[in-house]
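Secondary and tertiary structure notes
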Amino acid sequence: MTIRILTEDVVAKIAAGEVIERPASVVKELVENAIDAQASVIHVALQSDGRRRIQISDNGIGIPSEEAELAFARHATSKLQQAEDLFNVLTLGFRGEALASIAAVSLVTLTTRNEENETGTLLRVEGGRLETRRAVGAPRGTVIAVENLFYNTPARLKFMKKETTEKRHIAGIITRYAMAYPRKLSFQLNRI
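Remember, it's a predicted structure, so these values are computed and weren't measured experimentally. (Residues numbered from 1 in each chain as written. Predicted model: local features only at pLDDT ≥ 70, side-chain atom pairs only at ≥ 80, totals over all residues. Heavy atoms only, no water.)

A few points about the sheet that holds strand E1 (residues 41-47)
- Spatially, E5-E4-E3-E6-E2-E1-E7 is the arrangement adopted by the 7 strands of the open sheet, whose pairing is mixed. In the strand order of this sheet, the two ends are held by strand E5 (129-136) and strand E7 (186-191), each with one partner. Taking the axes of each pair of neighbouring strands and ignoring which way they run, one obtains an average angle of 10 degrees across the sheet.
- Packed on one face of the sheet, helix H2 (residues 23-36) meets E1, strand E2 (53-58), strand E6 (141-147) and E7 and runs near 10 degrees to E2.
- Where helix H4 (residues 163-180) meets the sheet, it contacts E1 and E7, and its direction lies at approximately 165 degrees from that of E7. (Pairing = 2+ DSSP bridges. Helix = DSSP H or I, 4+ residues; strand = E, 2+ residues; numbered from the N terminus. Axes fitted to C-alpha atoms, helices over the stretch in contact; angles between N-to-C directions. Contact = heavy atoms within 4.5 Å.)

What follows is the structure, given as structure tokens:
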């Protein structure tokens, strides 16, 4: 076989596997983003075990409209400015890979509004590519819907466990964060 350099698209999908292994990985990354966004209420809704749809909504600070697209770029983060900041990380996430990794292997709809913006922003990202951007009415905070997880990387689906196992992983993550922030956060886990 000939050695070839992979395209950015393929690299993004492979790298997504390092961060996003199962539906529970998506929930973990998005809940951590909500906590870092100073949310006090986080709703997690699942269709079946999350492979078909996961929706996380929060009442955090939201993403400014002009930064919404940038949030999906690899290594784009508001949590670090320079290497020295790594010694003072006070957030759960900081690498700027979560949204890019999730979007590389699913269909993502982001609806967000920062208090500085009069209207919200809706983005639809399919397989890592921006398909839709428009202004929408939205409360302050963020709603992220992740659909058809691993639709473009079917080999990842072979590693999935039974539906009950995947749901148990998700419930475990929510339980651990609820226990870690008992007075600061309210969590709700629902089925769609």
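Observations regarding the packing of aromatic side chains
- Enumeration over the complete set of coordinates arrives at 0 aromatic pairs.
- Residue placement shows Arg-156 over the ring face of Phe-150; its charged tip is 5.6 Å from the ring centre. (Phe/Tyr/Trp six-rings, centres within 6.5 Å; stacked < 30°, edge-to-face > 60°. Lys NZ or Arg CZ within 6 Å of the ring centre and 35° of its normal.)

Describing H2
- Helix length check: H2 (14 residues) gives 20 Å between terminal C-alpha atoms against 20 Å at 1.5 Å per residue, within 8%.
- Burial analysis of H2 places 12 of its 14 residues in the buried class, the great majority of the element.
- Three or more residues of H2 are buried, namely Pro-23, Ala-24, Ser-25, Val-26, Val-27, Glu-29, Leu-30, Val-31, Glu-32, Ala-34, Ile-35 and Asp-36.
- Once H2 finishes, Gln-38 follows within two positions and takes phi at roughly 65 degrees, a positive value. (Expected span 1.5 Å × (residues − 1). Buried < 20%, exposed > 50% of the residue type's maximum accessible area, 1.4 Å probe, protein only.)

A word on the packing of H2 against H4
- Taken N-terminus to C-terminus, the directions of H2 and H4 make an angle of 20 degrees; their axes are 8 Å apart at the nearest point. When the axis of H2 is compared with that of H4, the two are roughly parallel. Where H2 crosses over H4, the handedness of that crossing is right-handed. Along the contact surface, H2 presents Pro-23, Ala-24, Val-27, Lys-28, Val-31, Glu-32 and Ile-35, while H4 presents Glu-166, His-169, Ile-170, Ile-173, Ile-174 and Tyr-177. (Parallel < 35°, antiparallel > 145°, perpendicular 65-115°, else oblique. Left-handed = near helix turned anticlockwise from the far one by under 90°.)

Things to note about H4
- With 18 residues, H4 should cover 26 Å at 1.5 Å per step; its first-to-last C-alpha distance of 26 Å lies within 8% of that length.
- For H4, the set of buried residues is Thr-165, Glu-166, Ile-170, Gly-172, Ile-173, Ile-174 and Tyr-177.
- Residues of H4 that are buried sit in contact with H2, E1 and E7.

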